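# Commentary on secondary and tertiary structure
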Amino acid sequence: MVRVNESNMPMTVEESDGGYGQLLAVLMRRRYWLLGVMGAVLTIATVFTLISKPTYQSEMQLLIEPNYQGKKDGTTPRQGEQYADSGVTIDDYATQINVMRSSLLIQRAVDILRSEYPTLTVAEVKKNLVLKQVVEEKANTKIVEATYTANDPIKAQKVLKAVHTVYQIYNREQQEQRLKKGLKFINEQIPAVTKTVDQAENKLEEFRKNNNLIDPEQQAATVNNSLNAIAQEREVIRAQYNDLQARYGQLQQQLARSPQQALVASRLSQSSRYQTLLNELQRTELALSQRRVVFTDEDPNVKKLLEQRQNLLSMMKQEGGRVLGEGQASQAAAAGNAADGILQQGQLGALDLNLAGQLIEVQTNMNAMRARDNSLAQTQQKLRSDLKRFPVLLAEYNRLVPFVQINRDKLQQLLRAQQELSLEIARGGFDWQALEEPRLGLKVGPNLKLNLLLGLVAGLMLGSLAAFLRDAVDDSVYSSEDLEKQFELPLLGMTPELPRGRVAQPEVSLPFGKPLHLSPWTVQVRNWPPSWESLDLIYRNLQLMNEMAAFKSLVVTSAVAGEGKSTLALGLALSAARLHQRVLLIDTDLRRPSLHQILNLPNDYGLSTLLSSDATLPIHNAIQSSGSYIDILTAGPQPEDPANLLSSQRMRELMAGFEQNYDLILLDAPPLLGMVDAMIAASCCTGVVLVSRVGMVKKTELVQANAMLRKLNVIGVVANGVSNVSYGYGAYSREQGVELKKVWGNG
């Protein structure tokens, strides 16, 4: 027996979240795929670079003036440019560059170079010729850069020179053709426009003489401005009137009576005696309404209330006459014929009197505005009568003046354009200026560094893709997240991978009374405190679940062999013992027992011995115990039919007896797949804990195990061998490890 007297150590176990961490984990698992694909791509890039022929590039820059000046960026064209032939116009630099790359112009350049390069073709030149507009500081310029790439530096330079010559000839032809056609059009238009201007000016002069007017538009505008001012004022008055009308309606709605009635109600409201009678009348009305719900008017009590109501009304009339006087009292009586009207008569206060005064003031202002609006309407009607004679004159005048002005402007424009185009033709100078002459081609390829860099990037991308594809088709489970997806069970915890390498073999005093060498696993657990803490967390999770359901006995199993179920079962037993639980650990793997090997215990007697006997052998002889917290029941000699023994009634009787004597019974069961022993052992217990080693177990195996465990009380799953488990201890954890050594040494 192993007895642990240390108290529980707090622990924080976390697993790295998904996202970039999972991607990095996939790349690390499949690093050989990544490195292999990357190496292959780099090799291909290197070979391609070494066998490629050297290439040379020549450059030149041209200052390009568009044939149709001013259309770019929406600016106004120069005089005469809009009369140029639109059939040969190039509107922007994108179109200009497309024309410069046309087969017609490239063919001219090829013809110039035919004697030196007879095999040169238009397709070759178009393929290697690159034209682009120069951009400086995010602004387009009028400079076009031309580059040509060839395997001969001299050839690249000569091709660009031939292309430049062709562009100059083409631009000169297009400019001259466009300007001459534009000048011809202008010369044809000037006589007709001059005649039209003379006719329009004569008609305007005749109109002014016949109507004795210099500018009827100005006079009409004055009258129209007066009408607009009056209309605006009337609009203001109407708006103010509508506001007052709305205010008047609002005041009437608040008062619910005329100003005279409001004054009467206000006086009655100030009479204490009248208010007393009014309150009494309201109580009588309420009692009468309640009585009429059940009885008719023939009921004596109803009649009594009606008589009381009538008396109160008479008294209120008398009191109203005393307060208001004879004339106003009759008006109040007329307004109070109905019971609800009487109730309203005496319930107004000082606020109602204020509202009544506002109502009279609003009514006075409304009358004044109506009078002002009527006066303005009369003035407006008179101005409209004066304006009736202007529409016909204005229509004629406004038709003549623009016609004269338009033709004058057109004539001036044609004359200026005629002069500018004539000067442009006389000057010539239509060549596109070469800001940078074609130079001898410079070597630009192949670029070994660039190709290797591109190969590295491409290899990294393709290698990552290959790694992810390989990982996608892999059926193994590599993280606790993948493990949780396979089960609809809670994740009880994660245990880290035990450190690999040589482990010291100190002599300690184990329980059971004899000094032995610790097995490697035991020493590793003793020298590595985090393993304790992960087991403590798992056991604590089991305790929390035990608060809802009593788990007296638990089976610890796995889908396949080698997933660490025996290790976990022993660790849970140690954690329970450290919390002062009386624990029995049973090795139910009768085919391949391992618990006695882990703990260096004899296996002459065990579970198989107890199951195959009729209790002639005392149970305590088979159990390895020292009277403390942990007892061990090994598997015993291997029987011929383990399934028969585990499914026997003797097994159930033993489990019932163990549950009475121990706080917790842990069964180290064989794997689920391939045999029925674990299912039989689980049927004798109150719960099952499944252990799955990350990176070893397959998803298909987990699916099969999950299907087998559906009818059993499966508590949860434990992820074993998780490599990215972190703890919140630091130095404290190392100090605690020293204390654990003492515990093991004391036995």
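Shown above is the structure to which this text applies.
Numbering of residues starts from 1 in each chain and follows the order in which that chain's sequence is written. Local features in this predicted model are restricted to residues of pLDDT 70 or higher, and side-chain atom pairs are both shown and tallied only at a pLDDT of 80 or more, whereas totals for entire chains, interfaces and linings draw on every residue. Derived side-chain values reflect all non-hydrogen atoms in the structure, with water molecules and hydrogen atoms excluded from consideration.

## Some words on helix α6 (residues 153-211)
Heads up, the condition is: Helix and strand definitions here come from DSSP, where helices need a minimum of 4 consecutive H or I residues and strands a minimum of 2 consecutive E residues; each element is numbered from the N-terminal end. Multiplying 1.5 Å by the helix residue count minus one yields the expected span of that helix. Bend angle per residue: angle between axes fitted to the 7 residues ending at that residue and the 7 residues starting there. Between N or O atoms, a polar contact is any pair within 3.5 Å; within protein, one atom must be a potential hydrogen donor and the other a potential acceptor, and residues adjacent in sequence are included only when both atoms are from side chains.
The end-to-end C-alpha distance of α6 is 84 Å, a good match for the 87 Å that 59 residues give at a rise of 1.5 Å each. Along its length, α6 reaches its greatest deviation from straightness, about 30 degrees, at Ile190, and the proline Pro191 lies no more than four positions downstream. Among the residues of α6, the N-terminal cap falls to Asp152, whose side-chain oxygen and the backbone nitrogen of Ile154 are separated by 3.2 Å.

## Description of unusual backbone geometry
How we decide: Relative accessibility under 20% of the residue-type maximum defines a buried residue, over 50% an exposed one, and the middle range a partly exposed one, all with a 1.4 Å probe and only protein chains included.
Its identity as a non-glycine residue notwithstanding, His580 has a phi of 65 degrees, on the positive side. Secondary-structure assignment places His580 in the loop between α19 (565-578) and β11 (583-587). Since its relative accessible area comes to 47%, His580 is described here as partly exposed. One non-glycine residue, Asn600, lies in the positive phi region at around 55 degrees. Along the chain, the position of Asn600 falls in the loop between α20 (595-599) and α21 (607-612). Take Asn600: its relative accessible area is 29%, and that puts it in the partly exposed class.

## Quick word on α19
With 14 residues, α19 should cover 20 Å at 1.5 Å per step; its first-to-last C-alpha distance of 20 Å lies within 8% of that length. For α19, the buried fraction is high: 13 of the 14 residues fall into the buried class. Positive phi appears at His580, one or two residues downstream of α19, with a value of about 65 degrees.

## Focus: the pattern of salt bridges
Using the following cut-off: Any carboxyl oxygen of Asp or Glu that lies within 4 Å of a side-chain nitrogen of Lys or Arg is treated as forming a salt bridge with it.
Using the criterion set out here, one finds 20 salt bridges in the structure. Across the salt bridge formed by Lys303 and Glu298, the nearest N and O atoms sit 3.4 Å from each other. Relative accessible area serves as the criterion here: at 42%, Lys303 is assigned to the partly exposed category. For Glu298, a relative accessible area of 58% corresponds to the exposed category. Where salt bridges share partners, they join Glu59, Glu436 and Arg439 into one cluster.

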